[in-house]
Amino acid sequence: MRIVAGATGAVMALTVALTGCEHAPSSGAAQKSSAVNAATTSVPGGVRPSGAPLAGKVIVLDPGHNGGNAEHPEIINKPVDVITGRKPCNTTGTATDDGYPEHAFTWDVAVRLEMILRGKGATVVLTRPNDTGVGPCIDKRAEIANKAKADAALSIHADGAKASGHGFHIIEPALIKGHTNKIVSPSKKLGMDMRDAFIQYTGIPYSNYIGKNGISVRNDLGGLNLAKVPSVFVECGNMQNPGDAAKLKDPKFRQRIAKALANGFLKYLSS
């Protein structure tokens, strides 16, 4: 089953990405039509696959940023409370040197991953229904996962670091007493399972510019600070690095990334 958060007025009120790469700024993202009000699409044929390993599991996928963000700074620049401070509602994301945008990359990977997970019986919730809208804000994205009572939530991103940096990393929530206590431990396991699956199935190495062994722990991201369910971010590579960018722009490689992330969910939710 696939569920898409709906929209209210000009701003998609339940369509926000947890922003891990907050750098200023095609091929890519498949556009999927979705109902404006919370839509539910069942598994093709209305029947879950026999013996589906993820049957009964709820997974929230958060494709970072959104295609309409750049045209609406008055919306995405509004500050929201992330417990440890105040941050912009959302950002435009980054892009490769030849203009392939992060928002298109994250949407494409999320759609591919959604299809794999649905095929394994999971109920999948997306934080935005397409790649043409604005937002939603980072706090709303966390709220979507919390309201869905997700078994696991993943925010999908690509980084915009210096060109010399390459590789992927997983971002896990830091301990913020009174807020993230209950999710730090399961999120750490989710992060480790995602990391191991990502490197195994994509061959992209751990980041050489941030984190340790492919893991970074942060206390400044609203999507993690406000989460009540196991949640992590994945920075799938550095869009400013030519080698990483070539992989991220390749549809076949994006399918490999989706399969890798699906295997991370499988490992986490099966143990």
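Residues numbered from 1 in each chain as written. Predicted model: local features only at pLDDT ≥ 70, side-chain atom pairs only at ≥ 80, totals over all residues. Heavy atoms only, no water.

Brief notes about the overall build of the chain
From N to C terminus, the chain includes seven helices and 10 strands. Counting the 271 residues in the chain, one finds 55% classified as buried. Surface summary for the chain: the accessible area is close to 10,800 Å², and the carbon and sulfur share equals 55%. (Helix = DSSP H or I, 4+ residues; strand = E, 2+ residues; numbered from the N terminus. Buried < 20%, exposed > 50% of the residue type's maximum accessible area, 1.4 Å probe, protein only. Areas by Shrake-Rupley, 256 points an atom, 1.4 Å probe, with all protein chains shown as cover.)

Points about the nonpolar core
Residues Leu 113, Leu 117, Leu 154 and Phe 265 are the most contacted members of the largest nonpolar core, which totals 41 residues. Elements with a minimum of two residues in this core: strand 3 (58-63), helix 2 (102-119), strand 6 (123-126), strand 7 (152-159), helix 4 (181-202), strand 10 (231-238) and helix 7 (251-269). When sequence neighbours within four positions are dropped, the list of residues in contact with Leu 113 reads Leu 61, Leu 154, Ile 156, Ala 258, Leu 261, Ala 262 and Phe 265. Formed by eight residues, the second largest nonpolar core is a distinct cluster that contains Val 60, Val 125, Ala 150 and Ala 153. (Core = buried A, V, L, I, M, F, W, Y, C linked by side-chain atoms within 4.5 Å. Contact = heavy atoms within 4.5 Å.)

Remarks on unusual backbone geometry
Leave glycine aside and you will find that most residues have negative phi; peptide bonds, for their part, are mostly trans. Of note, the bond from Gly 135 into Pro 136 is cis; its omega dihedral lies within 30 degrees of zero at 0°. Inspection of the secondary structure assignment puts Pro 136 in the loop between strand 6 and helix 3 (138-148). Within the chain, His 65 stands out as a residue other than glycine whose phi angle is a positive 65°. Turning to its location among the elements, His 65 is positioned in the loop between strand 3 and helix 1 (73-76).

Considering the pairing of strand 9 (residues 215-218)
Relative to strand 9, strand 8 (residues 169-173) is paired through four bridges, and the arrangement is parallel. By the bridge assignment for strand 9, Ile 171 is matched with Ser 216. Regarding the hand of the β-α-β motif, the stretch spanning strand 8, helix 4 and strand 9 is right-handed. (Pairing = 2+ DSSP bridges. Right-handed = clockwise from strand over helix to strand, strands pointing away.)

Quick word on the confidence of the model for the chain
Mean pLDDT over the chain works out to 87, with 82% of the residues at or above the 70 mark. In this model residues 6-48 is a low-confidence stretch, pLDDT under 50, and it forms 148 contacts with partners more than four residues away in sequence or in other chains. (pLDDT = per-residue confidence, 0-100.)

Topic: the state of the cysteines
Applying the stated criterion to the full structure yields one disulfide. Put simply, Cys 89 and Cys 137 are joined by a disulfide, and their sulfur atoms are 2.0 Å apart. The sign of the S-S torsion, about -95°, decides the handedness of the disulfide formed by Cys 89 and Cys 137: left-handed. Here Cys 89 is found in the loop between strand 5 (86-88) and helix 2, whereas its partner Cys 137 is found in the loop between strand 6 and helix 3, with 48 residues between them in sequence. We classify Cys 89 as buried; its relative accessible area is 1%. (Disulfide = S-S within 2.5 Å.)

Here we look at the packing of helix 4 against helix 7
Put simply, helix 4 and helix 7 touch, their axes get as near as 8 Å, and they point 140° apart. Taken together, helix 4 and helix 7 sit at an angle that is classed as oblique. Seen from above, helix 4 lies across helix 7 with right-handed handedness. Seen from helix 4, the contacting residues are Pro 186, Lys 189, Leu 190, Asp 193, Met 194, Asp 196, Ala 197, Phe 198, Tyr 201 and Thr 202; seen from helix 7, they are Phe 253, Arg 256, Ile 257, Ala 260, Leu 261, Asn 263, Gly 264, Phe 265, Lys 267 and Tyr 268. When its residues are assigned to classes, the contact of helix 4 with helix 7 shows 12 nonpolar, three polar and five charged. (Axes fitted to C-alpha atoms, helices over the stretch in contact; angles between N-to-C directions. Parallel < 35°, antiparallel > 145°, perpendicular 65-115°, else oblique. Left-handed = near helix turned anticlockwise from the far one by under 90°. Nonpolar A, V, L, I, M, F, W, Y, C, P; charged D, E, K, R; others polar.)

Side note on the pattern of salt bridges
Overall, the coordinates contain 13 salt bridges when judged by the stated rule. Taking the shortest distance from any N to any O, the salt bridge between Asp 196 and Arg 195 comes out at 2.9 Å. Given a relative accessible area of 12%, Arg 195 falls into the buried group. Taken together, the shared-partner salt bridges in this structure form one network comprising Lys 189, Asp 193, Arg 195, Asp 196 and Lys 267. (Salt bridge = Lys/Arg side-chain N within 4 Å of Asp/Glu carboxyl O.)

Some remarks on the packing of aromatic side chains
For the structure shown, the criterion picks out two aromatic pairs. Taking the centre distance of 4.4 Å and the plane angle of 35° together, the rings of Phe 168 and Phe 198 count as tilted. On the criterion of sequence distance, the pair formed by Phe 168 in the loop between strand 7 and strand 8 and Phe 198 in helix 4 is long-range, its members being 30 residues apart. The residues Phe 168 and Phe 198 share a single accessibility class, namely buried. Linked through ring pairs, Phe 168, Phe 198 and Tyr 206 together constitute an aromatic cluster. (Phe/Tyr/Trp six-rings, centres within 6.5 Å; stacked < 30°, edge-to-face > 60°.)

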